[in-house]
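# Coordinate analysis (summary)
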Amino acid sequence: MNTEVREAVVVDVLRTTFGKRGGALAHWHPTDLLGFAISALLDRTGVDPGRIDDVLGGCVAQVGEQSTNVTRNAWVAAGLPQHVPATTIDRQCGSSQQAIHFGAAGVVAGHYDMVVACGVETMSRVPMASNARGGTGPFSPAFLEQIDGRLWAQFRVAQVLADRYDITRQDMDAYALESHRRAAAAWDAGHFSREVVPVPIKAEDGTFTGEELTIDEGIRRTGTMESLGALAPAQSWEVETAPDITAGNSSQMNDGAGAMLICERSVAERLGLPIRARLAHFAVAAEDAAIVLSAPVPATHLLLERTGMKIADFDAIECNEAFAAIALMWARAFDPDPERFNPHGGAIAIGHPLGASGVRLAGSLLTRLELIGGRYGFQTMCEGGGQANAMVIERLD
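Residues numbered from 1 in each chain as written. Predicted model: local features only at pLDDT ≥ 70, side-chain atom pairs only at ≥ 80, totals over all residues. Heavy atoms only, no water.

## Concerning the overall build of the protein
Counting its regular elements, the protein contains 11 helices and 13 strands. Relative to the compact-globule value of 21 Å for 397 residues, the protein shows a C-alpha radius of gyration of 20 Å, a close match. Projected onto its principal axes, the C-alpha positions of the protein cover 60 × 55 × 50 Å. Across the 397 residues that make up the protein, the buried fraction comes to 56%. A separation of at least 24 residues holds for 80% of the contacts in the protein among residues at least 6 apart in sequence. (Helix = DSSP H or I, 4+ residues; strand = E, 2+ residues; numbered from the N terminus. Rg over C-alpha atoms; globule rule 2.2 N^0.38 Å. Buried < 20%, exposed > 50% of the residue type's maximum accessible area, 1.4 Å probe, protein only. Contact = heavy atoms within 4.5 Å.)

## Examining the pattern of salt bridges
Applying the stated criterion across every chain yields a total of 23 salt bridges. As a salt-bridge pair, Glu195 and Arg15 come within 3.8 Å of each other at their nearest N and O atoms. Separated by 180 residues along the polypeptide, Glu195 in the loop between α6 (169-188) and β6 (196-197) and Arg15 in strand β1 (residues 8-16) bring together distant segments of the chain. Taking the relative accessible area as the measure of exposure, Glu195 reaches 2% and is therefore buried. Between Glu318 and Arg360 there is a salt bridge, with its nearest N and O atoms 3.9 Å apart. On the criterion of sequence distance, the pair formed by Glu318 in strand β11 (residues 316-319) and Arg360 in helix α11 (residues 357-372) is long-range, its members being 42 residues apart. Assigned by exposure class, Glu318 and Arg360 land together as buried. When salt bridges with common partners are traced through the structure, they connect Asp12, Arg44, Arg194, Arg276 and Glu370 into a single cluster. (Salt bridge = Lys/Arg side-chain N within 4 Å of Asp/Glu carboxyl O.)

## Considering the packing of aromatic side chains
Enumeration over the complete set of coordinates arrives at 10 aromatic pairs. Each ring, one from Phe155 and one from Trp237, has its centre 6.5 Å from the other, and the planes form 70 degrees; the classification is edge-to-face. In this pair, Phe155 sits in helix α5 (residues 154-164) while Trp237 sits in the loop between α7 (225-229) and β9 (254-264), placing the two residues 82 residues apart along the sequence. Aromatic rings pair up to connect Phe314, Trp330, Phe334, Phe341 and Phe378 into one cluster. Sitting over the face of the ring of Trp152, Arg156 holds its NZ or CZ atom 4.0 Å from the ring centroid. Above the ring of Trp28, the side-chain terminus of Lys202 is found at 4.0 Å from the ring centroid. (Phe/Tyr/Trp six-rings, centres within 6.5 Å; stacked < 30°, edge-to-face > 60°. Lys NZ or Arg CZ within 6 Å of the ring centre and 35° of its normal.)

## Focus: α5
Those residues of α5 lying buried are Val157, Ala158, Gln159, Leu161 and Ala162. The inward-facing, buried residues of α5 contact α6 and α10 (324-334). Taken from the residues just after α5, Asp166 is the one with a positive phi, measuring 55 degrees.

## Here's the deal with the layout of surface pockets
Size it by volume and the largest pocket reaches roughly 1300 Å³. As for the largest pocket, its lining consists of 44 residues, and the residues nearest its centre are Gln92, Met128, Ala129, Gln154 and Leu354. When contributions to the lining of the largest pocket are tallied by element, the ones reaching two or more residues are α5 and β12 (376-383). Class assignment of the residues belonging to the lining of the largest pocket gives a composition of 29 nonpolar, nine polar and six charged. The space that makes up the second largest pocket amounts to roughly 190 Å³. Every residue along the wall of the second largest pocket is listed here: Tyr175, Glu178, Ser179, Arg182, Glu321, Ala331, Asp335, Pro336, Pro338, Phe341, Asn342 and Gly345. The greatest single-element share of the lining of the second largest pocket, amounting to four residues, is contributed by α6. Of the residues contributing to the lining of the second largest pocket, the split by class is five nonpolar, three polar and four charged. (1 Å grid on protein atoms, 1.4 Å probe; cavity = no way out; pocket = protein on both sides within 12 Å on 5 of 7 lines; lining within 4 Å. Points joined across faces, edges and corners; volume = space filled by probe spheres on them. Nonpolar A, V, L, I, M, F, W, Y, C, P; charged D, E, K, R; others polar.)

This is how it looks when you write it as structure tokens:
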């Protein structure tokens, strides 16, 4: 019997700068943008790409340019060895975080020695929910019966959760303003240079313009409580069901990609690769499929129960800012130190290219741990269908 104890470790993780929908990266095909991120990761680590056992990629709108296994297409388009397989995962917004979970599990189980977990979403070219078209749609009468017909837009769900946790419009706007402030400060201090690679800008015909997107395009430095307070509800129909949820206190729609190299620890040591962190603990949970944004709370409880850890054990925490209401919901439930909670801003400022966001959170988490000399980091995010992933990473010296 093989009694080898295997550990999944992070060699490196990076992401592209994030472009606004219709902005600087709008002329990048998603296949090529993900290929760019993967190539940048492999170049930075110096790893022979032919040694990679598998490539696991997250993507939500797997239709059109992001269809037909965008992860495999990205690997091939980047000119990487075609004997390396790849697959694409859809756990909605947590797709690339799930790719990390699967990759780590495969390493620990002995199925992989070296795997890339990655993700992409180009929301300029493949609009959100474009994969829900066709036939009678993804929600059958039997599904609708199970959720009592509560097929609500996410704006309304965010409002339901804000009301449930006594979160006001002022609370959400103040949180959003702080997200932009923290993200801008992190860029100004050079913190994001650890995790972000600039992206060459393409013209409409696909040629390079000679310019680069060197900073996340959606960060706003001039917002005020007054300007945020003047925004109308984001849900233009049945406004009374989501009056406090606006574009200002919601995540942005973006174009972006990210990638992480996961190795078995002894393999990384043998190859002389840096070991930045250990992928320590994982949980996934789900609850009411109609209230699609609430599951970070039960996922966190599950992880804490399994590990015996406490919120105070985490030196940095990332809860995806799909909406300010969701980050504040999690904070109401667990009362983290505000300085440890989304310390470099989040999706409200940085952006939320759906399939790439799980890797983005992990990169930001590791950056923060290294900056402050912290040991444990935690991340979670809400996902369509009422699901959530949760993960703990341990920084290693």
